[in-house]
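Tertiary structure, described
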Amino acid sequence: MEAELDEVVGAKHAKDAQRTAVRHGHTDGEVTLGGRRVAVKRPRARTVEGEHEVPLQTYEYFADRDPLTRVVLEQMLAGVSTRRFSRTREPVGEQVSTRERSTSKSAASREFVGRTREHLDALMSRDLADVRLAALMVDGIELKGRCAIVALGVSTDGVKLPLGLWDGSTENKTVTTHLLADLVDRGLDVEQGVLVVLDGSKALRAAVDEVFGPVPVQRCIRHKERNVLDHLPERDRPAVKARLRRAWASDNHALALDALQTLASELGHSHPGAAASLREGLEETLTLTRLGTRGQLKKTLASTNPIESMIEIIRRTSRNVKRWQSGDMCLRWTAAGMLEAETQFHRIAGYSDLAKLALAVERDLTAQRPTIHITTQEETALTTLTV
């Protein structure tokens, strides 16, 4: 800081008629060092006329609290409690430690609350107008008595994007509808077509229908497999699992659908519960096959594994929370976990085929939209109105 002061006002006691600032003594200040705030004496400078103080960039850089809040956020998301935060700081020597501040449990908590609030606001205010999605995944996450619905998008470039979240008591239609409507309000365009991947929840499916309309939906085959096998005795599960996976791996939609319907008919005699579970939403487990998606991309998007990996990171980062004091706290921690997961994301496997998927979804939507027939009389009226 003293070196910068010499650059701003010139050498001490030097006579310079062109100088624009002069020394103005020292005052108390604080800088961030090794995960704590440390008191320092900082030099001051004022304009020659004495009208206002001249800021020193060196002091402004080290006085910034952002490095401290970043350290607190990283430590707590890594599992360090506020009580133990002081043990994780960098050693700076006893002389500095005797003057340190912002190291208590309450200080670390305040820094964390502030930073996670920024993360939540940033996530929920992201402009989605320029985002072109090929796929959208929605799922619920239970967090110690509370529930949050989270959304993850996959762009046409294969990049995974946390889109938003919504807090509720359960994974219900109302909460999911609010989340999806918020995405649309922030500019998300689904008119061009987007594949929605769900785990099979009826509440999520109903919300998608209400907000997005007739978009293609891929049911998670891993959830469907578990649901069917849970109705079977242990001895029958391997054979049924093999037949399910063989059908889902097929690239021929008609043959795959026939294989699953045949299996459901056979199970209807011996295990009606398993048959009913398989028939429920059966065709939506083959949406990607119907759209002509093949290879690695089909394996990736046929399940909710991408969003579940993000949810696992959320659970890990919040594992030390014993009780949610409020919905706001739950949202802040969840948003922080989602953005932490974003730093670890890679492009999805098979991303090179996403453009083909997007075109297939667009064609599918066009085929589902009703054709409007205009009579000769209506055509004449429209022509007159245009003129």
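Described below are features of the structure shown in this document. These numbers were taken from a predicted model, which means no experiment stands behind them. (Residues numbered from 1 in each chain as written. Predicted model: local features only at pLDDT ≥ 70, side-chain atom pairs only at ≥ 80, totals over all residues. Heavy atoms only, no water.)

1. Describing the pairing of strand 4 (residues 133–143)
Spelled out, the test is: Burial status follows relative accessibility: with a 1.4 Å probe on protein chains alone, a residue under 20% of its type maximum counts as buried, one over 50% as exposed, and anything between as partly exposed. Strands are runs of DSSP state E lasting at least two residues, helices are runs of H or I lasting at least four, and both sets are numbered from the N terminus onward. By this definition, two strands are paired if DSSP reports at least two bridges between them.
For strand 4, the buried fraction is high: ten of the eleven residues fall into the buried class. Pairing analysis gives ten bridges linking strand 4 to strand 5 (residues 146–155), with the strands arranged antiparallel. Pairing of V138 across the sheet is with A151, part of strand 5. The antiparallel pairing of strand 4 with strand 5 creates a hairpin that spans two residues between the two strands, and K144 there sits at a positive phi of about 50°. Pairing of strand 4 with strand 7 (residues 195–198) involves three bridges; the strand directions are parallel. By the bridge assignment, A135 is partnered in strand 7 with L195.

2. Quick word on the sheet that holds strand 4
Threshold: Axes here refer to lines fitted to C-alpha atoms; in helices the fit is confined to the stretch in contact. Angles between the N-to-C directions go from 0 to 180 degrees. Contact definition: two residues touch when any of their heavy atoms are within 4.5 Å.
With mixed pairing, five strands are arranged side by side in an open sheet as 6-5-4-7-8. Both edges of this open sheet fall to strand 6 (160–168) and strand 8 (217–219), since each of them pairs with a single strand only. Neighbouring strand axes in the sheet, compared pairwise and without regard to direction, differ in orientation by 20° on average. Across the face of the sheet, helix 6 (residues 173–185) comes into contact with strand 4, strand 5 and strand 6 while running at roughly 140° to strand 6.

3. Focus: helix 7 (residues 202–212)
For clarity, the threshold we go by: In this description, one arc is meant: the one made by directions from the helix axis to the C-beta atoms. By the criterion applied in these results, polar contacts are pairs of N or O atoms within 3.5 Å in which, for protein atoms, one can donate a hydrogen and the other can accept it, and in which residues neighboring in sequence qualify only through two side-chain atoms.
Every buried residue of helix 7 is accounted for by A203, L204, A207, V208 and F212. The arc enclosing the buried residues of helix 7, seen along the axis, measures out at 135°, which places them on a common side. In this structure, the buried side of helix 7 is in contact with strand 4, strand 5, helix 6, strand 7 and strand 8. Near the N-terminus of helix 7, the side chain that reaches the backbone nitrogen of A203, with its oxygen 3.4 Å away, is that of S201. Just downstream of helix 7 lies G213, where phi reads positive at about 80°.

4. Focus: the nonpolar core
Rules: Nine residue types can take part in a nonpolar core, namely buried Ala, Val, Leu, Ile, Met, Phe, Trp, Tyr and Cys, and a core is a set of them joined through side-chain atoms within 4.5 Å.
Of all hydrophobic cores here, the largest spans 60 residues; its most connected members are L301, M310 and L357. Residue contributions to this core peak at eight residues, all from helix 15 (residues 327–342). Setting aside chain neighbours within four positions, we find M310 in contact with V150, L152, P162, M338, A341 and F345. Judged by nonpolar contacts, the second largest core, of 25 residues, contains L128, L133, V194 and L204.

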